[in-house]
Amino acid sequence: MAILFDSTSRLFTLETNHSMYQMKADRYGVLLHTWFGMKGSVFDYSYLISYADRGFSGNPYEAEDERTYSLDVLPQEYPTYGSGDYRSSALKVRYPDGTTACELRYAGHKTLEGKYALPGLPAIYATEDTKADTLVITLEDTRHCFYVHLYYGVLEELDMITRSVRIENHSDAEIYLENVQSTCIDYLHGEFDLHTFYGRHVKERNYQRMTLRHGIQSVGSTRGTSSHQYNPFLILSGEDTTEENGSCYGFSFLYSGDFLGTAEYDQYNQTRILLGIHPDNFCYCVKPGESFYAPEVAMAYSHNGLGELSRIYHKAYRNHLCRGKWTATRRPVLLNSWEGIYFDFNGEKLVKMAKDAAELGVELFVMDDGWFGKRELDVSGLGDWIVNEKKLGCTLGELSDQIHDLGMQFGIWFEPEGINEDSDLYRAHPDWALQVPGKSPCRSRQQLLLDFSREDVRDYIFSHICQVLDSAKIEYLKWDLNRSLSDLYSALLPADRQGEVAHRFVLGLYDMLEKLTQRYPDMLIEGCSGGGGRFDAGMLYYTPQIWCSDDTDAIERLSIQYGTSFGYPVSTMGSHVSKCPNEQTGRNTPINTRATVAMSGTFGYELDVNEMSEEDKSIVRSQIDEFKKYYDLIQYGDYYRLTNPDTAESYHGWEFAAADGSEALLCIVALQIHPNGPGCWMKVKGLKPDSIYTVDGKEYPGDVLMNGGLLLPAATEEYESFRIHIVEKMGI
Ligand code: GLA
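Just so it is clear, the model here is predicted, and its values are computed rather than measured.

**Digging into the site of the ligand**
Stage number 1. Around the ligand, 13 residues are found, and the nearest of them are Asp368, Asp369, Lys478, Gly531 and Asp550.
Stage number 2. In this structure, an oxygen atom belonging to the ligand sits 2.8 Å away from a main-chain N or O atom of Gly531.
Stage number 3. In the environment of the ligand, an oxygen atom lies 3.4 Å from a nitrogen or oxygen atom belonging to the side chain of Trp547.
Stage number 4. Within the complex, the protein chains bury 97% of what would otherwise be the 310 Å² of accessible surface of the ligand.
Stage number 5. Residues belonging to the shell around the ligand are distributed by class as follows: four nonpolar, three polar and six charged.

What follows is the structure, given as structure tokens:
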């Protein structure tokens, strides 16, 4: 078992293949955090803690006159509000008497074989070939009202440790959770950089790295979704850490709603990291005998730089977060109707579009927004999931049959959480929309949202979606959400439970997605929220791919997909070739480059094939063949970021290398062309140093390609790209 317990020193040591995590219940029963980092000797790391008389830092009562013992200074596993620790805390509870001061003490623990699961929430899972163990440490509050069960999942081969928390009320009165963070790590020493991913609609997950200074630096969302603005994935690294060297820690939240990621650099140069549900829109009532589960955080450590840290997440999320048939089955190359024809279609036009695409080798046709209710524009119809047969000129079944007759699969768009005021559903049930009595609701894209915290509302929508899905042969579903939450009020909850609405909304979303995946296990579901507004590890548990951004410009996508790659594998990134000039930027990019970028994702097209030149059509045919040829290498290979597109001089590159080093695909985009410019080289990664490789008919030893690099071809066209296949020569 990867969980060691020393009963004399009450020391817990968790080990993965390359990392180690340690806690200790000290003499007062305070659970100290003593180590997270490189794996080494199993030793009591609490020797690193310095005890000194700390002015203005309080001492717990049982420490009596021991003025050197203060929670304000000690590294703790789960610090609480009102304990004399004045740093950001992981837990704030309102007791029945209205007070919030809280102290926790060790009460026991148990270890379990296998990885824990969480009711109604996404969680990393183990498979037969992956060992996993669970540790549950129980702390009790010193006023004997509730237990805090800290859950640890230890996935040795994956080099991943997960955390979650269950708060169990064992008193005879209600308690109110005002803040429950899912993880907290205290670092005694070290100067750190914090890496975050900020953005906006049509420009998500820009990479930002900053040195921590004294004070608090945080990112988060109070939008009800994980958001375009900040991603629930943080990295903490040493100041010198690069792609290939140095220590770094990843913190990824498996949750799709409000979140807060906090880094606090304190008065003693210690660093605290917290990640969990944002406390702003959160107050959860736990009744006697009931429990609250905090969503999971997946943590990883690497001492070989950011690239290796990302690859830990890629592997874990591909195989131990995404579920079902599509984790290991090749996904079809699709054509989505949206950017090609928007709302302007009928059945005939769709079939024509599909026919043109089928001739090029496209395997799945997706009918996007506009097929239901009164939906001619984005101002009406949401909520009325009834096929507009008048617009289509046929039933959905007939349309789907025609698509299938072309040898293609058929997919369809939904926005289940959305509702327009101009819809039959809203006219019948205005109270089903999220809105506060007596206040006009905040509109966004001229729509509101349904109260997904309500089971009756979800059941209604689910049954209507099922009616549509059952009426035709449908292999793919795009689950969209086109606004942030606001006006949090649920008609079914009493006043003191309105603070639960945002979280219950997310639980409702997960509940419905779970039902959907169970009822349609073979259906490929793609998540989406105005592009990448809900691109998070929580959604990946239900939807193995997510539309990365509504910005389909290949050059913009370089940064978006680069930022996304830090925490998520390319197999999850919805990416399409769209037309030029690009709809969002007006930029022209060669079709080969658009494919280079889209192939580094789930790969599809989003344009009207009818408008393409014969030359481009024949290029598309060969692109699809090429994608199929490289599919395993791209989707399951090791991903390497070779440059940062925002700072790269002239060429930006990334690479996929087979895990056994037998081949690699180098993807290069020329960002700038300089006449009479300097040469450009790219050092190849992940090859076998002693093997010989063939590149474009020439042979090179692996170590030469990795140390000296490959001389890149000179670009002759703006934004030209190159896909360079590097193959090990067999038989040597
Ligand atoms: C969102 C999605 C797009 C498209 C439209 C349809 O913006 O991100 O891909 O589906 O909605 O309204």
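Structure's up, so let's keep going.
**A look at the domain arrangement of the protein chain**
Stage number 1. What the domain assignment lists for the protein chain is domain 1 (3-320), domain 2 (325-636) and domain 3 (651-728).
Stage number 2. Put simply, the middle of domain 1 and the middle of domain 3, counted by C-alpha atoms, are 40 Å apart.

**Topic: the side chain of Ser57**
Stage number 1. Checked against the element boundaries, Ser57 lands in the loop between strand S4 (31-38) and strand S5 (91-94).
Stage number 2. Side-chain polar atoms of Ser57 contact the side chain of Asp72, separated by 2.7 Å.
Stage number 3. Residues contacting Ser57, with those up to four places away along its chain left out, are Ser70, Asp72, Val73, Gln267 and Tyr268.

**So, the packing of helix H11 (residues 591-599) against helix H12 (residues 614-636)**
Stage number 1. As a packed pair, H11 and H12 sit with axes 10 Å apart at the nearest point and diverge in direction by 25°. In this view, H11 runs roughly parallel relative to H12, as classed from their interaxial angle. Helix-helix and strand crossings are classified by hand; for H11 and H12 the assignment is right-handed. Between H11 and H12, the contacting residues are Ile591, Asn592, Ala595 and Met599 on the first element and Asp616, Ile619, Val620, Gln623, Glu626, Phe627, Ile634 and Gln635 on the second.

**A closer look at the pairing of strand S11 (residues 192-200)**
Stage number 1. Judged by how many residues are buried, S11 sits mostly within the fold: seven of nine residues are covered.
Stage number 2. Sheet analysis places S11 next to strand S14 (residues 233-238), joined by four bridges and oriented antiparallel. Paired with His195 across the strands is Ile235, a residue of S14.
Stage number 3. Taken together, the seven bridges between S11 and strand S12 (residues 203-211) define a ladder with antiparallel strand orientation. Residue Leu194 lies in a different strand from S12, and its bridge partner there is Met210.

**Let's talk about the packing of aromatic side chains**
Stage number 1. On inspection of all chains with the given rule, the structure shows 49 aromatic pairs.
Stage number 2. Considering the side-chain rings of Phe197 and Phe233, the 5.8 Å spacing of their centres and the 25° angle between planes classify their relative orientation as stacked. Highlighted residues: Phe197 in strand S11 and Phe233 in strand S14, separated in sequence by 36 residues.
Stage number 3. One aromatic cluster is present, built from ring pairs that chain together Phe197, Tyr207, Phe233, Tyr313, Tyr317, Phe535, Tyr562, Phe566 and Tyr568.
Stage number 4. The aromatic ring of Tyr51 is capped on one face by Arg27, whose charged end is 5.8 Å from the ring centroid.
Stage number 5. Positioned over the ring face of Tyr81 is Lys92, at 4.2 Å from the centre of the ring.

**What to know about the nonpolar core**
Stage number 1. Ranked by internal contacts, the top residues of the largest apolar core, which has 194 residues, are Phe146, Tyr317, Met367, Trp371 and Leu396.
Stage number 2. Looking at this core element by element, the count peaks at eight residues for helix H8 (residues 501-519).
Stage number 3. Beyond its immediate chain neighbours, meaning those up to four positions away, Trp371 contacts Phe345, Trp385, Ile386, Val387, Asn388, Ile412, Trp413, Phe414 and Val468.

**What about the pairing of strand S26 (residues 524-527)?**
Stage number 1. A two-sided burial pattern is seen for S26, the buried positions comprising Leu524 and Glu526 on one face and Ile525 and Gly527 on the other.
Stage number 2. As judged from the four bridges shared by strand S25 (residues 476-479) and S26, these two strands associate in the parallel manner. By the bridge assignment, Leu477 is partnered in S26 with Ile525.
Stage number 3. Between S25 and its parallel partner S26, the chain crosses via H8, and the hand of that crossover is right-handed.
Stage number 4. Both S26 and strand S27 (residues 545-547) contribute to a ladder of two bridges, which runs parallel. Bridge pairing in S27 links Gly527 to Ile546.

Reading the values: the criteria
- Residues numbered from 1 in each chain as written.
- Predicted model: local features only at pLDDT ≥ 70, side-chain atom pairs only at ≥ 80, totals over all residues.
- Heavy atoms only, no water.
- Near = heavy atom within 4 Å.
- Polar contact = N/O pair within 3.5 Å; in protein donor to acceptor, adjacent residues only side chain to side chain.
- Areas by Shrake-Rupley, 256 points an atom, 1.4 Å probe, with all protein chains shown as cover.
- Nonpolar A, V, L, I, M, F, W, Y, C, P; charged D, E, K, R; others polar.
- Domains from an automatic or database assignment.
- Helix = DSSP H or I, 4+ residues; strand = E, 2+ residues; numbered from the N terminus.
- Contact = heavy atoms within 4.5 Å.
- Axes fitted to C-alpha atoms, helices over the stretch in contact; angles between N-to-C directions.
- Parallel < 35°, antiparallel > 145°, perpendicular 65-115°, else oblique.
- Left-handed = near helix turned anticlockwise from the far one by under 90°.
- Buried < 20%, exposed > 50% of the residue type's maximum accessible area, 1.4 Å probe, protein only.
- Pairing = 2+ DSSP bridges.
- Phe/Tyr/Trp six-rings, centres within 6.5 Å; stacked < 30°, edge-to-face > 60°.
- Lys NZ or Arg CZ within 6 Å of the ring centre and 35° of its normal.
- Core = buried A, V, L, I, M, F, W, Y, C linked by side-chain atoms within 4.5 Å.
- Right-handed = clockwise from strand over helix to strand, strands pointing away.

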